[in-house]
Amino acid sequence: MADSWIEVCAKDAIDEEDVIRFDYGGKTYAIYRSPEDTFHATDGLCTHEKIHLADGLVMDDTIECPKHNGRFDYKTGEAVGAPVCINLKTYPVKVEGEAVFIKVA
Amino acid sequence: MNAGIVIIGAGECGARAAFVLREYGYEEPITLIGSEAHPPYERPPLSKSQGASAPVVVAPRDKYASERIDLRTSCTVTRIDPDLQLVHFAEGDPIKYDKLLLTTGATPRMLRGISPASKRILPMRTFEHALGIKCLLGPTRRTIIVGGGFIGLEVGAMARAAGTEVVILETQSRVLTRGVPQTIADTLVERHRQEGVRFECGIQIEAVRETDDAVEVELADGRTLTADSLVVGIGVVPNTQLAEAAGLVIDNGIAVNELLETSAANIYAAGDCCSFPSAIYDGRRVRLESWRNTQDQGIHAAKMLLGKPDTLASVPWMWSDQYDLTLQVAGLADGSERSVVRNYEDGSRIIFHLGADGRLLAASGIGVGNSIARDMKLSEMLIAARAEPDPDHLSDPSFKLKSILPR
């Protein structure tokens, strides 16, 4: 597992300022495309009540949990709005050609 | 040292206010007083999850200590003296306040003549109620739910999930008469029926009796229903007794202005216990009973106590989980407006309510899981922005609501 980059999807599979769900190896992730066209990855489930963030709304650098409106900066994982107080784990992302990869190990 | 801020009511609202006061750098004493034994906890999971051994707390007890918040649980306030700025307790010395915040919440209505100590006839408001209800659910058990509102339906879904036989009694001709459009109520009722819930609408209850091992409900049509438990979901009344006795103005709850000030100097109120002029609905006086509002107003109350300029412009919002369905309502519809329906491929649906001037006033959505969450959030933002969206855009599920959001 020295080189653990995993291909997620094509760049175009994520709209600008949006998020999709990605499952791999028994875990679930949220993959984001920012308004500046950069790509980011976090754990898929909100740290408050384990709700999947891929159903949430991306606004600028923020993802809002679809259930209780906890907010995170998806670029840093920082919890930025009640009721969440535990930060979200982030993962490295790279784009090669038209494909998006994340490093999960 | 100053007397500081005293908060009566240790629920989500009071707790948020206390923590936010510290976040804003308030240094004087903060006393948070609750009548329940637990530190402030979240009520929504009580009627939604299958039973936990402890409540979901807003913050662990030691967080109150580290934030220098004097959290007093199992503590009963008997009287407020607005002239001397004192709070009196059932036991112990009174304490003085510089400013007082009332977050006293609401109490569930009970059926007449039923003892609050009943083990089989319970409302659903506290952690103890939830424990009491859940221990009477199960595959060989029967429960009667009185009241077809959100609490009744949520408890119904929870009881069915535990294998319990469920009948929901409603005096009106249909359930969920308050708060959601008929077609959304129909979807929920249909789903409950598929799951085996029986509805009895338009009925009158003549008498309720509790024996050692059962509950009996006598109906006006002569039938008698029996069950192991009865859950009362017929609404709540705001806890205004302390405020009323202190001479504060009451108007469907403790009346506050947009600064959350009551009619008495240095006394504020927030959450389920108060009615307030809604900024986004042009000052219409409302009282809300939702988790979101109680948090928003708790945070707002902290700002108001500190004299920070701010307007609470959040949109009323609530949700309900029943089986795999989630319902969300954003905004306040008054029933007179034009409706536009947005049907999604997966069967989810949002109904938008537009005022005569074209302004989006409210939206109600239902779908599996969180399928409608994103568009409901955008609807809420459009309501807050006083947007006047094109009805053709609203009804087209492929149209991106985000694209019409003023940014």
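Conventions used here
Residues numbered from 1 in each chain as written. Chains lettered and ligands numbered in written order. Predicted model: local features only at pLDDT ≥ 70, side-chain atom pairs only at ≥ 80, totals over all residues. Heavy atoms only, no water. UniProt positions renumbered as here; feature names shortened; annotations may be inferred. Salt bridge = Lys/Arg side-chain N within 4 Å of Asp/Glu carboxyl O. Helix = DSSP H or I, 4+ residues; strand = E, 2+ residues; numbered from the N terminus. Buried < 20%, exposed > 50% of the residue type's maximum accessible area, 1.4 Å probe, protein only. Domains from an automatic or database assignment. Contact = heavy atoms within 4.5 Å. Buried area = accessible area lost by both parts, 1.4 Å probe. Polar contact = N/O pair within 3.5 Å; in protein donor to acceptor, adjacent residues only side chain to side chain. Nonpolar A, V, L, I, M, F, W, Y, C, P; charged D, E, K, R; others polar. Disulfide = S-S within 2.5 Å. Expected span 1.5 Å × (residues − 1). Arc of directions from axis to C-beta. Phe/Tyr/Trp six-rings, centres within 6.5 Å; stacked < 30°, edge-to-face > 60°.

Per an unreviewed UniProt entry, the recorded name for chain B is Ferredoxin reductase, and the organism is Rhizobium grahamii. Note on chain B: under the UniProt heading Cofactor (unreviewed entry), the record states "FAD".

Labelled according to an unreviewed UniProt entry, chain A appears under the name Rieske 2Fe-2S domain-containing protein, originating from Rhizobium grahamii. According to the UniProt record, the Sequence similarities (unreviewed entry) comment for chain A is "Belongs to the bacterial ring-hydroxylating dioxygenase ferredoxin component family."

### Topic: the pattern of salt bridges
Throughout the structure, instances matching the rule amount to 31 salt bridges over all chains. Residues Asp 321 of chain B and Lys 67 of chain A are paired through a salt bridge, measuring 2.6 Å at the closest nitrogen-oxygen approach. You can see Asp 321 of chain B sitting in strand β22 (residues 317–322) and its partner Lys 67 of chain A sitting in the loop between β6 (62–64) and β7 (71–73), one on each of two chains. Residue classification places Asp 321 of chain B among the partly exposed positions, given a relative accessible area of 23%. In this structure, Arg 191 of chain B engages Asp 324 of chain B in a salt bridge whose closest nitrogen and oxygen atoms are separated by 2.3 Å. With a gap of 133 residues between them, Arg 191 of chain B in helix α5 (residues 182–194) and Asp 324 of chain B in the loop between β22 and β23 (325–331) connect regions that are remote in the sequence. Assessed through its relative accessible area of 17%, Arg 191 of chain B is described here as buried. Several salt bridges converge on common partners, so that one network encompasses Glu 64 and Arg 71 of chain A together with Arg 292, Lys 377 and Glu 380 of chain B.

### Considerations on the domain arrangement of chain B
Residue and element names in this part refer to chain B. If you check the domain split of chain B, you get domain 1 (5–105 + 239–306), domain 2 (108–235) and domain 3 (324–404). A C-alpha centroid distance of 30 Å is found between domain 1 and domain 2. Listed per partner, the contact involves 18 residues of domain 1 and 15 residues of domain 2. Here domain 1 and domain 2 share an interface that buries about 1200 Å² over both sides, 50% of which is from carbon and sulfur atoms. The salt bridge partner of Arg 125 is Asp 272, with a shortest N-O separation of 3.0 Å. The interface formed by domain 1 and domain 2 includes six residue pairs in polar contact (both at pLDDT 80 or more). Tallied by class, residues from the side of domain 1 that touches domain 2 come to six nonpolar, seven polar and five charged.

### Some words on the state of the cysteines
Residue and element names in this part refer to chain A. For the structure shown, the criterion picks out zero disulfides over all chains. The thiol of Cys 46 is not disulfide-bonded; the next cysteine sulfur, from Cys 65, is found 4.0 Å away. Judged by its relative accessible area of 1%, Cys 46 falls in the buried class.

### Description of α5 of chain B
Residue and element names in this part refer to chain B. Spanning 13 residues, α5 covers 18 Å between terminal C-alpha atoms, matching the ideal 18 Å at 1.5 Å per step. Those residues of α5 that sit buried are Ile 184, Ala 185, Leu 188, Val 189, Arg 191 and His 192. One side of α5 holds all its buried residues, which, seen down the axis, span an arc of 160°. Elements that come into contact with the buried residues of α5 comprise α4 (150–161), β12 (198–201), β22, β23, β25 (349–354) and β26 (360–368). Of the residues flanking the end of α5, it is Gly 196, one or two places downstream, whose phi is positive at about 100°.

### Thoughts on the packing of aromatic side chains
All names here are of chain B. What the rule picks out here adds up to seven aromatic pairs over all chains. When the centroid spacing of 4.9 Å and the interplanar angle of 45° are considered together, the rings of Phe 19 and Tyr 64 count as tilted. Within this pair, whereas Phe 19 is found in helix α1 (residues 12–23), its partner Tyr 64 is found in helix α2 (residues 61–66), the two being separated by 45 residues in sequence. Judged by its relative accessible area of 10%, Phe 19 falls in the buried class. The interplanar angle of 70° and the centroid separation of 5.6 Å between the aromatic rings of Trp 291 and Trp 319 together place this pair among those described as edge-to-face. Of this pair, Trp 291 sits in helix α7 (residues 291–305) while Trp 319 sits in strand β22; the two residues are 28 residues apart in sequence, bridging distant segments of the chain.

### Considering the interface of chain B and chain A
If you look at the interface, chain B gives 21 residues, while chain A gives 21 residues. Between chain B and chain A lies a buried interface of about 1700 Å² when both sides are counted; carbon and sulfur atoms form 46% of it. Interface area lost by chain B to chain A is led by Asn 370, Arg 374 and Lys 402 of chain B, which between them contribute 37%. Taken together, chain B and chain A are joined by five salt bridges. Run the count over chain B and chain A and you get nine residue pairs in polar contact (both at pLDDT 80 or more). Counting only elements with at least two residues in the side of chain B that touches chain A, the list comes to α7, β22, β23 and α8 (373–384) of chain B. With five residues, the single largest contributor to the side of chain B that touches chain A is α8 of chain B. Tallied by class, the residues present in the side of chain B that touches chain A amount to eight nonpolar, four polar and nine charged.

### Observations concerning the UniProt feature "domain: Rhodanese" (unreviewed entry) in chain B
Mapped onto this numbering, the UniProt entry annotates "domain: Rhodanese" (unreviewed entry) at residues 5–43 of chain B. For residues 5–43 of chain B, the end-to-end C-alpha separation is 25 Å, with 31% helix and 21% strand making up the annotated structure.

### Here's the deal with the environment of Phe 399 of chain B
All names here are of chain B. Tracing the sequence through the fold places Phe 399 in the segment after α9 (391–395). According to the relative accessible area criterion, Phe 399 is buried, its value standing at 18%. Remark: the alpha-carbon pair of Phe 399 and Ile 145, spanning 254 residues in sequence, is separated by 41 Å. Beyond its immediate stretch of four places on either side in the chain, Phe 399 contacts Arg 342, His 393 and Ile 404.

### Details of unusual backbone geometry
For Glu 17 of chain A, which is not a glycine, the phi torsion comes out positive at approximately 55°. Note on placement: Glu 17 of chain A falls in the loop between β1 (5–10) and β2 (18–24). Of note, the phi angle at Tyr 323 of chain B is positive, near 55°, even though the residue is not glycine.

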